[in-house]
Structures are given as structure tokens and as C-alpha cells.
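Okay, here's what each chain looks like letter by letter:
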Amino acid sequence: NLAIRGSLFRGDEVLCSHAEHNAVMRVLKGLEQQGEITVRVAEPDSRGLLSPETLRNAVGPKTALCVLNHASNVTGVVQPVRALTEALRPMGIPVLVDAAQTAGILPVSLKKVIRRAARWMVLSSSGEKRLRTLPESSVARSEVVACSES
């Protein structure tokens, strides 16, 4: 919520996957209904996976943020976050990875993915699911990265 609301300006576009959690989509759709942003959804292949090419092709001139669900709580499909992030790097689009379903279960390394990030990346998760924190708590880790080809 904070990462989404705190990074967008009126007229921005958010690119997201087809499988975003309801908690993310409520925020995005609410901002869209208020006329603050537009939301573009990248369509997956027949297995439910996004490809780097599909994500690149879905980027529009006003895309200011990409939100990716690491794994769907409905289908269990795990997105190739490293490859998707790398695909957006040349365009300088920040990425928010929702790891609420995977943190504490699947290896989620921001350090490995961050090298491929454009400007910044936020990895978020609700803490009480598998990280054994207090109910209603959340975890967010962000990194700021210079946009360079090295």
C-alpha cells in the first residue's frame, strides 16, 4: 500500500500481472477509479506465466511502476521475477514484488534480484503468514539502485 501510493503521481500508469492479490488490486483499482492512475494488466501464457517479452511489450509511455506477484495464492504459479525484472531494467521502471505468498516458504532473495532492478525494488510480505510475526504486521525491504549497464 505504502510503496504503491508513495511512488505514483497523477497520470501515471501501473503495469501489473494478471494474478495480483486482491489487497494489491483494491489499491490500484481505487486509485484508477479516482482518476489518479491507469492500470495495465500483462497477460500470461497458457501456464499462467509472464514472459520477459510480454512484460516489455506491455510497457506504455506512462508506465511508472510494475507490480509483480511472486506467486499466486489461487494457482500457485511462481513468476520468474529475476527475468522479468531484468527485462524492465533498460526502461528504468521500478518494480514492486509482492512476496506475501512465498516469503518464508520459497527462497526469495532481494540481493539476487536487485542487481537486475531498474531504479528501485520493493519486496513486500505480510509478516504473520509464514514469518511468525504479530498479526497485521508486514515486512518490506527496498533498495535503491543506480540505473547502469554494469
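Structure shown above.
Described below are features of the structure shown in this document. As the structure is a computational prediction, the values presented were derived from the model and not from experiment. (Residues numbered from 1 in each chain as written. Predicted model: local features only at pLDDT ≥ 70, side-chain atom pairs only at ≥ 80, totals over all residues. Heavy atoms only, no water.)

### Remarks on the overall build of the protein
When helices and strands are counted, the protein shows five helices and six strands. Taken from N to C terminus, the helices and strands of the protein fall in the order α-β-α-β-α-β-α-β-α-β-β. For the protein, buried positions account for 44% of its 150 residues. Carbon and sulfur atoms form 53% of the exposed surface of the protein, whose accessible area is close to 8,300 Å². (Helix = DSSP H or I, 4+ residues; strand = E, 2+ residues; numbered from the N terminus. Buried < 20%, exposed > 50% of the residue type's maximum accessible area, 1.4 Å probe, protein only. Areas by Shrake-Rupley, 256 points an atom, 1.4 Å probe, with all protein chains shown as cover.)

### Points about the pairing of strand E2 (residues 37–42)
As judged from the six bridges shared by strand E1 (residues 12–17) and E2, these two strands associate in the parallel manner. Residue pairing in the sheet places Val14 in a bridge with Val39 of E2. In this view, the connection linking E1 to its parallel neighbour E2 by way of helix H2 (residues 22–33) has right-handed handedness. (Pairing = 2+ DSSP bridges. Right-handed = clockwise from strand over helix to strand, strands pointing away.)

### Focus: the pattern of salt bridges
Summed over the entire model, instances satisfying the criterion amount to four salt bridges. Close ionic contact of Glu13 with Arg40 constitutes a salt bridge, the shortest N to O distance being 3.0 Å. Here Glu13, found in strand E1, pairs with Arg40, found in strand E2; they are 27 residues apart in sequence, far enough to count as distant. Under the relative-accessibility criterion, Glu13 is labelled buried at 8%. Classification of Arg40 by relative accessible area gives partly exposed; the value is 31%. (Salt bridge = Lys/Arg side-chain N within 4 Å of Asp/Glu carboxyl O.)

### Some words on H2
When the terminal C-alpha atoms of H2 are compared, their 16 Å separation across 12 residues agrees well with the 16 Å that a helix rising 1.5 Å per residue should span. Those residues of H2 that fall on the buried side of the exposure criterion are Val24, Met25, Val27, Leu28, Gly30 and Leu31. The inward-facing, buried residues of H2 contact helix H1 (2–5), E1, E2, strand E3 (63–69) and strand E4 (95–98). Gly35 sits one or two positions beyond H2 and adopts a positive phi of about 80 degrees. (Expected span 1.5 Å × (residues − 1). Contact = heavy atoms within 4.5 Å.)

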